[in-house]
Amino acid sequence: MRASRRLPLEALAPYLIDVPHPGFLPPASPLLAKAPPVDFRSLFGNDHAVEIEVGFGKGLFLVTQGEARPDTNFLGIEIERKYTLFTATRLARKSLANVRLACTDARWFLKERVADACIAAMHVYFPDPWWKNRHRKRKLFTRAFAEQCGRVLKIGGRLHFITDVADYFAETVPMLKDLPALQSLPDAEETGEDRTNFERKYRLEGRPIHRAFFEKRE
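The rules behind each value
- Along each chain, numbering runs from 1 in the same order as the chain's sequence is written.
- Two thresholds apply to this predicted model, a pLDDT of at least 70 for residue-level local features and 80 or more for giving and counting side-chain atom pairs, whereas whole-chain, interface and lining totals are computed over all residues.
- With hydrogens and water excluded, all non-hydrogen atoms of the structure serve as input to the side-chain values.
- Put simply, two rings from Phe, Tyr or Trp (the six-membered ring, in Trp's case) pair if the centres are within 6.5 Å, and we call them stacked under 30 degrees between planes, edge-to-face over 60, tilted for the rest.
- Put simply, DSSP marks the helices as runs of H or I at least four residues long and the strands as runs of E at least two long, and each gets a number from the N terminus on.
- Here the term buried applies to any residue with accessible area under 20% of the maximum for its type, exposed to any over 50%, and partly exposed to those in between, with areas from a 1.4 Å probe on protein chains only.
- For salt bridges, the criterion is a side-chain nitrogen of Lys or Arg within 4 Å of an Asp or Glu carboxyl oxygen.
- What makes two residues a contact is simply this: any of their non-hydrogen atoms within 4.5 Å.
- The definition of a polar contact used here is a pair of N or O atoms within 3.5 Å, where within protein one atom must be able to donate a hydrogen and the other to accept one, and adjacent residues in sequence count solely through side-chain atom pairs.
- We define a nonpolar core as any set of buried Ala, Val, Leu, Ile, Met, Phe, Trp, Tyr and Cys residues linked to one another through side-chain atoms lying within 4.5 Å.
- Between the N-to-C directions of two axes lies an angle of 0 to 180 degrees, each axis being a line fitted to C-alpha atoms and, for a helix, fitted only over the stretch in contact.
- Geometric relationships in this document are graded by angle, where less than 35 degrees denotes roughly parallel, more than 145 denotes roughly antiparallel, 65 to 115 denotes roughly perpendicular, and other angles denote oblique.
- Throughout, a crossing is termed right-handed when the near helix is turned clockwise from the far one, and left-handed when it is turned anticlockwise from it by less than a right angle.
- Three categories are distinguished: nonpolar for Ala, Val, Leu, Ile, Met, Phe, Trp, Tyr, Cys and Pro, charged for Asp, Glu, Lys and Arg, and polar for the others, with Gly belonging to the last.

A. Layout of the packing of aromatic side chains. Scanning the entire structure with this criterion turns up six aromatic pairs. A centroid spacing of 5.4 Å and a plane angle of 75° characterise the contact between F61 and Y125, whose relative ring orientation is edge-to-face. Here the residue F61 occupies a position in helix α3 (residues 60–68), and Y125 occupies one in strand β4 (residues 119–125), the gap between them amounting to 64 residues. The exposure class of F61 is buried, given its relative accessible area of 4%. Of the residues examined, Y125 reaches a relative accessible area of 4% and is grouped as buried. When the centroid spacing of 5.0 Å and the interplanar angle of 70° are considered together, the rings of F141 and F161 count as edge-to-face. In this pair, F141 is assigned in the loop between β4 and α6 (143–152) and F161 in strand β5 (residues 153–163), connecting sequence segments 20 residues apart.

B. Geometry of the pattern of salt bridges. The full count for this structure, using the stated rule, is nine salt bridges. Here D105 ties to R107 by a salt bridge, and the two come within 2.9 Å at their closest N and O atoms. Take D105: its relative accessible area is 14%, and that puts it in the buried class. In this structure, the salt-bridge partner of R143 is D178, at a minimum N-O distance of 3.2 Å. Here R143, found in helix α6, pairs with D178, found in the loop between α7 (166–177) and β6 (182–184); they are 35 residues apart in sequence, far enough to count as distant. One network of salt bridges, in which partners are shared, links R143, E147 and D178.

C. Highlighting the environment of R143. Judged by its relative accessible area of 36%, R143 falls in the partly exposed class. Excluding residues within four positions of it along the chain, R143 makes contact with M175, D178 and L179. A distance of 3.2 Å separates a polar atom in the side chain of R143 from a polar atom in the side chain of D178.

D. Looking closely at the nonpolar core. If you look at the biggest cluster of nonpolar residues, it comprises 39 residues, and the most contacted ones within it are F40, F109, I119, M122, F141, L159 and L176. By residue number, the principal contributor to this core is α7, which donates five residues. Non-local contacts of L159, meaning those with residues more than four positions away in its chain, are made with M122, V124, F141, C149, L153, L176, L182, A212, F213 and F214.

E. Quick look at the packing of helix α5 (residues 106–113) against α6. Here α5 crosses α6 at 40°, and the two axes come no closer than 10 Å. Taken together, the axes of α5 and α6 are oblique relative to one another. The two elements α5 and α6 meet at a crossing, and its hand is left-handed. From α5, R107, L110 and K111 reach across to α6, where they touch F145, Q148, C149, R151 and V152. Of the residues in the contact of α5 with α6, the class split is four nonpolar, one polar and three charged.

Rendered as structure tokens:
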């Protein structure tokens, strides 16, 4: 989205959560000091279920689901500011009151700002595999991240994982199955729905799409 098409920041502010971005701050920064978990009731003004999408890109999932499910609250976490502002503009143009965005590192945010057992679903779609050794620290789906997903999910809450990278899927799913907190669900069926811009692109290209769903155990 060109800057001329993006709404001014004051128009986007209602959709943005003011949280620090660890990637831009030294580890000892006071901005990263322990803070209370996000109060979702205060944030959204209601007690509706909350779902989180990690790495929302251009926001297709958040926009379509926010419109289709007004009685569910959605929080998107994205590390890239340009995509955060792009998506915030889409939300503002549609006046979607049930979606908020945080521009930060999802691994840090889940660990430091989300309470135990408060999230109805986690959505992780097409994360970058970061295969090169020098990039491995950026990889999202480590065991530590998966454990945080299990911690924040409510009993019966679900983790949705989709990727077009067969090796990433083959590496990640056994790790998720090994977590005591998560129960693997039957293979996710093809619905024909494009959850993200990546899924739309890859489907048109004929790439195989790999899906896995997990549920939080008691």
